[in-house]
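Examining the three-dimensional arrangement
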Amino acid sequence: MRIAVLNGPNLNLLGTREPEIYGTTTLRDIESRLRQVASVLGVTLEFGQWNGEGELIDAVQRLYGRCEGAVINAGAYTHTSLALRDAFAAVRVPFVEVHLSNIFAREPERRHSVLAAEAVGMVCGLGAYGYELALRGLVARLAPQ
Ligand code: DQA
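So, here's what we can say about the structure. Just so it is clear, the model here is predicted, and its values are computed rather than measured.

1. So, the packing of helix 2 (residues 27-41) against helix 5 (residues 129-142)
- It is at 10 Å that the axes of helix 2 and helix 5 come closest, and there the two elements cross at 30 degrees. On the basis of their axis angle, the class for helix 2 and helix 5 is roughly parallel. Handedness of the helix 2/helix 5 crossing: right-handed. The residues of helix 5 that touch helix 2, namely those facing Ile30, Arg33, Leu34, Val37, Ala38 and Leu41, are Tyr131, Glu132, Leu135, Arg136 and Val139.
- Residues belonging to the contact of helix 2 with helix 5 are distributed by class as follows: eight nonpolar, no polar and three charged.

Structure representation (structure tokens):
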């Protein structure tokens, strides 16, 4: 099973970006932990991070026929991008949404996700560990034991 882990804008700065909100774990650290989890789960991962909305949409379109599922932290596009949700609806690739912070405990404009209605589920507020939970939850949903 092949799963994509997609990250949106500013997540390349994890580690130094507002550490009081997002922690000090880097995206590279997250990816290496996910590789360990993936080898236990017996799944293959691919990773990508894009700052541009169009690039992120292109990445979702490329999932079609190649990946069985995706874990995505769409960053601020979570709150704004109907186009990103439409891309997932178009390719019909199941995804779990992840956020490091608890978006529901933040500013009002962050308390809504336009992606969530299409998602298998959402993990938020658990920091970098949320990526691992999202991957495990997605794989359990795709290949129930
Ligand atoms: C985020 C939350 C978003 O509101 C924000 O724009 C991000 C990161 C998170 O992981 O908590 O870039 O998705």
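The discussion continues.
2. Notes on the packing of aromatic side chains
- Applying the stated criterion across every chain yields a total of one aromatic pair.
- Aromatic side chains phenylalanine 88 and phenylalanine 95 sit 3.9 Å apart centroid to centroid with 25 degrees between the ring planes, which places their arrangement in the stacked category.
- The exposure class assigned to phenylalanine 88 is buried, which follows from its relative accessible area of 2%.
- Relative accessible area serves as the criterion here: at 1%, phenylalanine 95 is assigned to the buried category.

3. Observations regarding the sheet that holds strand 5 (residues 121-124)
- Spatial strand order, 2-1-3-4-5: five strands in an open sheet with parallel pairing. Each edge of the open sheet carries a strand with a single partner, namely strand 2 (44-49) and strand 5. With direction set aside, neighbouring strand axes in the sheet form an average angle of 20 degrees.
- Alignment of strand 1 (residues 2-7) against strand 2, held across six bridges, turns out to be parallel. Considered in strand 2, the bridge of leucine 6 is made with glycine 48.

4. A few points about the pattern of salt bridges
- In total, this model carries six salt bridges according to the counting rule given.
- For arginine 33, the salt bridge identified is with glutamate 132, shortest N-O distance 3.0 Å. Placement of the pair is arginine 33 in helix 2 and glutamate 132 in helix 5, with a sequence separation of 99 residues.
- Overall, glutamate 132 belongs to the buried group, its relative accessible area being 8%.
- Overlapping salt bridges bring together Arg2, Glu46 and Arg66 as one network.

Rules used in this analysis
- Residues numbered from 1 in each chain as written.
- Predicted model: local features only at pLDDT ≥ 70, side-chain atom pairs only at ≥ 80, totals over all residues.
- Heavy atoms only, no water.
- Axes fitted to C-alpha atoms, helices over the stretch in contact; angles between N-to-C directions.
- Helix = DSSP H or I, 4+ residues; strand = E, 2+ residues; numbered from the N terminus.
- Parallel < 35°, antiparallel > 145°, perpendicular 65-115°, else oblique.
- Left-handed = near helix turned anticlockwise from the far one by under 90°.
- Contact = heavy atoms within 4.5 Å.
- Nonpolar A, V, L, I, M, F, W, Y, C, P; charged D, E, K, R; others polar.
- Phe/Tyr/Trp six-rings, centres within 6.5 Å; stacked < 30°, edge-to-face > 60°.
- Buried < 20%, exposed > 50% of the residue type's maximum accessible area, 1.4 Å probe, protein only.
- Pairing = 2+ DSSP bridges.
- Salt bridge = Lys/Arg side-chain N within 4 Å of Asp/Glu carboxyl O.

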